Amino acid sequence: MNERRPHQALARRYRPRSFSEMVGQESVVRTLRNALTSGRIHPAYIFSGIRGVGKTTAARIFAKGLNCAAGPTPDPCSACPACEEIARGSCLDVLEIDGATHTKAEEARDLMQAARYMPARDRYKVFIIDEVHMLSKAAFNALLKTLEEPPPHVVFLLATTEAHSIPETIHSRAQHFVFRRVPSARVARYLQEICRDGGIEAEPEALEIVARGGEGSVRDSLTLLDRLLAYADGPLTERETSDALGVVGQEALLGLLESIMVGDARAAASFVDLMRERGQNLDRFLGDLDEALRTAMRLKLGAEVPSAPGRLQALSSRASLEALLRLTDLIASTRQRLKGAADPEALVELQLVKAAHLPNILPLDTILDALASKPPLSGSSSGNGETQARESEREMEEAAEGEGLRFRALIPFKRMDEGEAASLEGDARFSAYKASAGLKVPLAASALKAADVSLDPDGVLHVALPDGARTAAALLASPESREALEKSARELGFPGRIVVELREPDPQAAPKEPEGPKGTPLADKVVRRLGVRAEEHGEAGLGG
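Source: prediction; values computed, not measured. (Residues numbered from 1 in each chain as written. Predicted model: local features only at pLDDT ≥ 70, side-chain atom pairs only at ≥ 80, totals over all residues. Heavy atoms only, no water.)

Caption draft 1: Summary view of the overall build of the protein. The number of helices and strands found in the protein is 24 helices and eight strands. Counting across all 544 residues of the protein, residues that qualify as buried make up 45%. Within the protein, contacts between residues at least 6 apart in sequence are counted, and of these 72% link residues at least 24 apart. (Helix = DSSP H or I, 4+ residues; strand = E, 2+ residues; numbered from the N terminus. Buried < 20%, exposed > 50% of the residue type's maximum accessible area, 1.4 Å probe, protein only. Contact = heavy atoms within 4.5 Å.)

So this is what it looks like as structure tokens:
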């Protein structure tokens, strides 16, 4: 009768036995190897990071390097008695302790008492304390006494997932190494190597899903792969992996993005129904969608992403950068709201439909070019001036609607005819009004001081700013500024109705550069373009 060999978990079978086998921790490995080579052995080391990234494994390998018969060496032989015993966990001079179960001060004192004695056989007495942050305050104080004056033959290797919980007094006496999350692409390559070594058939797309599911932990990724190999009947495919882990496959994800980009809200809603039927994880789905959008954004910016699928590259080339930014921001806010949502599925469906219905956002350069392409309006004050302005406004709206732009043009108003108003500049109240208004709106004080103020027969106070004061005119057009101007007028006995306008430019004067934000070509273009409109409409939407 043939007995089947007991199964050994992949995470244990492929646990690194040397520094060269460790995955994704190159900077930490290099430092530890150099310390063993040069003999610069510190009394204590702290290895911190998330679960399954190699903290305890690195501690064991470092202990083997310290006590190997050929050592200290960065490449332990794994064949001498010390290396074999450390690998089995039976070495008398290398004690591996679980900090979660040895939290009492008495136990810590016993360990520190044992540290005073010389090693039984090996070169160093090594204490590997896992989950060291679980020690009590009294236990840390007992450990601190030994770290203050450590025996030359003792090395402490402290592993933890919560480095911030270790007292600063311990931190200051130990070298701290941070084990980072391993990138998904690197984990996927490692899984492919394991599958080739073990004769396992698996699609690369399936292994990429497993790597993303591990969230940077190599051990978690191997555990997921073990589970999927037990689930799959034959080669491991992307579809089987997606179904087993409750995630959305890459092709389905890209199909959803394409539907959103073309405004197909029905497809977005149907996608949520499909996820509901399969019981797929919504948070994981939004995370994968966010990652795909960020990859598309990098491609749009010209970055090289070799791992990006061709379908995503094509989508990125068709979409505008503004649309990708908008959609990425929407998905990020949805992930934040998902945690406290009463009905998470309804929230995701609402946000996807909203994303499909939002109009495309045109770049500002495109809007300005559309404005610049229109013929200039007549500056005459004839009876059909207002009609021409309204027709031009309507034409620009109709031309912009075809590209998804929704906005109202600058609203023109009837300009006061100088023959209809009596200029009362000599009235002292006008000078007082300009001073009072300048105090209430200090950013426009200089423009108000140079303005011409007049009162027409209807009791409307006209403030004509200098031709170059377009920034001040825009500031005074805000509701807060208009309220301040009207209040100053009422305080001085005027009716309170205000019209702010730009003075007609002097044809004999040399052209002036428009005021406004400077420093970027786009800002200058905005001021120049909108400034021309203000002159052509005569009032530029600044009237009351």
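Moving on from the model shown.
Caption draft 2: Broad picture of the side chain of Lys55. Within the secondary structure, Lys55 is located in helix H3 (residues 55–67). Ignoring any residue separated from it by four or fewer positions in sequence, one finds Lys55 in contact with Phe47, Ser48, Gly49, Ile50, Ala159, Thr160, Thr161 and Phe179.

Caption draft 3: Expanded view of the state of the cysteines. Under the criterion given, the structure shown has zero disulfides. Take Cys77: it sits in no disulfide, and the sulfur closest to it among the cysteines is that of Cys68, at 3.5 Å. Cys83 forms no disulfide, and the closest cysteine sulfur to it belongs to Cys80, at a distance of 3.4 Å. (Disulfide = S-S within 2.5 Å.)

Caption draft 4: Broad picture of the sheet that holds strand E5 (residues 175–179). In spatial order, the strands read E2-E3-E4-E1-E5; together these five strands make up an open sheet with parallel pairing. Strand pairing shows two members of the sheet lacking a second neighbour, strand E2 (94–98) and E5, which therefore form its edges. Across the sheet, the axes of successive neighbouring strands diverge by a mean angle of 15°, strand direction being ignored. As paired elements, E2 and strand E3 (residues 125–130) share five bridges and run parallel to each other. Within E3, the residue paired with Asp98 across the bridge is Asp130. (Pairing = 2+ DSSP bridges. Axes fitted to C-alpha atoms, helices over the stretch in contact; angles between N-to-C directions.)

Caption draft 5: Fine view of the confidence of the model for the protein. On average, residues of the protein score 80 in pLDDT, and 80% of them are at 70 or above. Low confidence marks residues 400–426, where pLDDT is under 50. Its contacts with residues over four positions away, or in another chain, come to 59 contacts. Low confidence marks residues 532–544, where pLDDT is under 50. Its contacts with residues over four positions away, or in another chain, come to 44 contacts. (pLDDT = per-residue confidence, 0-100.)

Caption draft 6: Structural view of the packing of helix H12 (residues 250–261) against helix H14 (residues 282–300). It is at 11 Å that the axes of H12 and H14 come closest, and there the two elements cross at 70°. Classed by the angle they form, the pair H12 and H14 counts as roughly perpendicular. Here H12 runs over H14; the crossing is right-handed. The residues of H14 that touch H12, namely those facing Leu253, Leu256 and Leu257, are Phe285, Asp288, Leu289, Ala292 and Leu293. Split into classes, the residues belonging to the contact of H12 with H14 amount to seven nonpolar, no polar and one charged. (Parallel < 35°, antiparallel > 145°, perpendicular 65-115°, else oblique. Left-handed = near helix turned anticlockwise from the far one by under 90°. Nonpolar A, V, L, I, M, F, W, Y, C, P; charged D, E, K, R; others polar.)

Caption draft 7: The arrangement of the nonpolar core in detail. Formed by 29 residues in total, the largest nonpolar core has its most connected members in Leu257, Met275, Phe285, Leu289, Leu327, Val348 and Leu352. Of all elements in the fold, only H12, helix H13 (265–278), H14, helix H15 (310–318), helix H16 (321–338) and helix H17 (344–357) reach the threshold of two or more residues within this core. Element by element, the count of residues in this core is highest for H14, at seven residues. Excluding residues that lie within four positions of it along the chain, Leu257 makes contacts with Leu289, Ala292, Leu293, Leu312, Leu315 and Leu327. Among the nonpolar cores identified, the runner-up in size contains 28 residues, and Ile41, Phe47, Leu66 and Tyr124 belong to it. (Core = buried A, V, L, I, M, F, W, Y, C linked by side-chain atoms within 4.5 Å.)

Caption draft 8: Local environment of the pattern of salt bridges. For the structure on display, the rule yields 16 salt bridges. Across the pair Arg311 and Glu251 runs a salt bridge, and its minimum N-O distance is 2.7 Å. Residue Arg311 is found in helix H15, and its partner Glu251 is found in helix H12; the two are separated by 60 residues along the sequence. A salt bridge links Arg276 to Asp273; its shortest N-O distance comes to 2.8 Å. Of this pair, Arg276 and Asp273 both sit in helix H13, three residues apart, roughly one helical turn. When its relative accessible area of 34% is taken as the criterion, Asp273 is described as partly exposed. (Salt bridge = Lys/Arg side-chain N within 4 Å of Asp/Glu carboxyl O.)

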